[in-house]
Amino acid sequence: MLDIRNVSLTFDPGTMDEKKAIRNLSFHADKGEFITVIGANGAGKSTLFSVISGGNRVDCGQILLDGNDITNVPEHIRSRRIGRLFQDPMKGSAPGMTIEENLFLAAGHGGWFAGVSKSDRERFRERLSALGMGLEDRMNHKVGLLSGGQRQALTLIMATLNPPDLLLLDEHTAALDPGTAEKVLKVTSDIVRENKLTCMMITHNMQSALDLGTRTVMMDHGNIILDYSGDERAHLTVNDLMKSFREKSGAALNNDRMLLS
Amino acid sequence: MEFLETLLSLGQSTLEQGLITSLTVLALFLSYSMLNVCDLSTDGCYALGAIVGGMVAKGEFPLMSGVSPALLPFLSLLFAMLFGAMSGFLVSLLQTRMGINSLLAGIVVNTGLYSVNMAIMKGSPLVSIARNDTVFTLTKKLFKGTPLYDWSAVIVLALIVALVCVFLFFFLRTRLGLAIRATGDNDAMVKASSINPIMTTTVALCISNSFTALAGCLMAQFSKSADVNVGSGVVTIALASLLIGHTFFKKTGMGLRIFGMVVGALVFRTVYTVALRFNMPAYMLKAVSSLIVILAVFVPYITAKTAKRRHFSEERRSKNA
Ligand SMILES: Nc1ncnc2c1ncn2[C@@H]1O[C@H](COP(=O)(O)OP(=O)(O)OP(=O)(O)O)[C@@H](O)[C@H]1O
Ligand SMILES: [Mg+2]
């Protein structure tokens, strides 16, 4: 369903701050896969998501969604099929507007001149109550009054009101306390399962990277260096993962050195 | 008795001026408070509305030659709004498609509009509509012999302002209106909701500038003339009124916030009228509006700052104790 072909992305090209964030990356995801993405800080995980969802345009390469080339499709069009949760909980919702208004915009039903209807409201209530955070009783509160965790949970509901074909989750539980994080992760996997979504989830928690989903990839220096699925993944431990990361990224480092000398 | 009469007529002219201003304030409410764009083309757009409106009311605008004179005052309002919307479209085009910073886009259009306005007047410095009908003369005829006669201008203006308020109230609850608010609030969220922020910005600036031009047109019809400088300083006066209205109706629902814009305009005009009674020269209007804008921004800034400082110095004191 998702095909990334030889994509590279450079920030601030031609300046002193030039940074190659994605280097000739190729990747394929099948429909229904739930892929966890791990990698050190600065590996390029968030940038990869931004490339997929259209927040950043690539230097070269191609991105295909169900065989359609979306490389040059603008972000707001891609978002009809690609849902995204940002690493920053503040980014996904409008703080000056109420929970209901945020959900209504995300739902995207009705024409431009439609307002929030009673059935909309009921649907929002029902979806919010699945979070168990009491947000369904605060529909007319400004989103800016919510905590970061509550906002991230709300964004999850917003992104999945109309189930997207591809859901991108960027450390969406990193800002939450452990209890809430667990709850949101549970809701996440329920939504993904019920709607049979294709999903990619970035996490720094190696254990949940292996526990959740059907496939795990590791990024380093703007590329995917490890890719586990099926039986191989089923027997993998966090220790194995750490070990092969050290081997792989160590090798990458040596290669760079060799190129330099 | 005489005193009462003076007061009444003062109140009347304050209402008339305030209501006209309030349309510009409502325009800025949409662009400045909702979309979060400071649209500095307001002055030029107000003059554009006044001049296009004046020329149409006179029947000297293209297409107007064969039109029945009774229709002209209304076509004047319509054309003013249309041209205002076009000016707003230009501002949005510059900032969304041509990479020009939003403040600069407004300033550039504002400057350009001076020439456009002169051209529409065919080079003459003034449009006089003294001998033509306006919406105000028409209502005066309608109310002839009734007690409403003296207040006909206030009634017309109140009606128009009420219409604009009701429109805004309902518009801002629609998906499009909410999308405009969200664009001013967090445009990453707007894109994630499959809405094009360029579209929302364009729509908001078109609507907002059509209101500004409507205000200019009503001012021209009211004072029976327009010149190229009628708009000068309007943006600051409107901003001052907006900020006054905002302090009164900060934490309320949308309806009251919209109503607060009208209140802000009326309060501003009242303060100004009172100051005139105390022999402040009329040319001080613009300095007063500048001062109000400065104070309205500075006072909350400094109180927040000192409150913070006090909080931390108290904390330090209690730690040392
Ligand atoms: N807008 C930007 N401008 C310039 N450089 C950027 C920008 N965004 C990211 N980068 C750089 O690109 C590289 C990859 O960043 P990215 O945010 O994708 O990392 P990440 O894998 O998500 O890391 P983390 O785990 O810390 O979130 C980093 O070196 C970062 O400094
Ligand atoms: Mg990241």
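Being a predicted model, the structure only gives us computed values, none of them experimental.

Turning our eyes to something else, we now look at the sheet that holds strand E2 (residues 19-29) of chain A. Residue and element names in this part refer to chain A. Taken in spatial order, the four strands line up as E2-E1-E4-E5 in an open sheet, and their pairing is antiparallel. The open sheet is flanked by E2 and strand E5 (68-69), the only strands paired with a single partner. On top of the sheet, helix H1 (residues 45-53) reaches strand E1 (2-11), E2 and strand E4 (60-65); it is set at about 115° to E1, its chief contact.

Taken residue by residue, the interface counts 20 residues in chain B and 27 residues in chain A. Taking both sides of the interface into account, the surface hidden between chain B and chain A amounts to around 2000 Å²; carbon and sulfur atoms contribute 63%. On the chain B side of the contact with chain A, Arg 175, Leu 178 and Met 189 of chain B bury the most area, a combined 31% of that side's loss. Where chain B touches chain A, the interface holds two salt bridges. Two residues, Lys 191 of chain B and Glu 75 of chain A, come together in a salt bridge whose shortest N-O distance is 3.9 Å. Linking chain B with chain A are 11 residue pairs in polar contact (both at pLDDT 80 or more), by the criterion used here. Taken together, the elements giving at least two residues each to the side of chain B that touches chain A come down to helix H7 (175-185) and helix H8 (187-192) of chain B.

Looking now at the environment of Gly 132 of chain A. Residue and element names in this part refer to chain A. Among the secondary structure elements, Gly 132 is positioned in the loop between helix H4 (118-129) and helix H5 (148-160). The partly exposed category is assigned to Gly 132, whose relative accessible area is 46%. Residues Gly 132 and Lys 183, spaced 51 residues apart in sequence, show a C-alpha to C-alpha distance of 8.3 Å.

Before going further, it helps to spend a moment on the pairing of strand E10 (residues 223-229) of chain A. Relative to E10 of chain A, strand E9 (residues 215-220) of chain A runs antiparallel, the two being bridged by six bridges. Its bridge partner being in E10 of chain A, Asp 220 of chain A is matched across the sheet by Asn 223 of chain A.

Let us now look at the confidence of the model for chain A. Confidence along chain A averages 89 in pLDDT terms, with 95% of residues attaining 70 or more. Below pLDDT 50 for its whole length, residues 253-261 of chain A participates in zero contacts with residues either more than four positions away or in separate chains.

Glancing now at the site of ligand 1. Residue and element names in this part refer to chain A. The immediate surroundings of ligand 1 are formed by 15 residues, with Asn 41, Gly 42, Lys 45, Ser 46 and Thr 47 found nearest. A distance of 3.5 Å separates an oxygen atom of ligand 1 from a polar atom in the side chain of Glu 171. Listed by contribution, the elements that provide at least two residues to the shell around ligand 1 are E2 and H1. Ranked by residues supplied to the shell around ligand 1, first place goes to H1 with three residues. When its residues are assigned to classes, the shell around ligand 1 shows four nonpolar, seven polar and four charged.

Quick notes on the rules
Residues numbered from 1 in each chain as written. Chains lettered and ligands numbered in written order. Predicted model: local features only at pLDDT ≥ 70, side-chain atom pairs only at ≥ 80, totals over all residues. Heavy atoms only, no water. Pairing = 2+ DSSP bridges. Helix = DSSP H or I, 4+ residues; strand = E, 2+ residues; numbered from the N terminus. Contact = heavy atoms within 4.5 Å. Axes fitted to C-alpha atoms, helices over the stretch in contact; angles between N-to-C directions. Buried area = accessible area lost by both parts, 1.4 Å probe. Salt bridge = Lys/Arg side-chain N within 4 Å of Asp/Glu carboxyl O. Polar contact = N/O pair within 3.5 Å; in protein donor to acceptor, adjacent residues only side chain to side chain. Buried < 20%, exposed > 50% of the residue type's maximum accessible area, 1.4 Å probe, protein only. pLDDT = per-residue confidence, 0-100. Near = heavy atom within 4 Å. Nonpolar A, V, L, I, M, F, W, Y, C, P; charged D, E, K, R; others polar.

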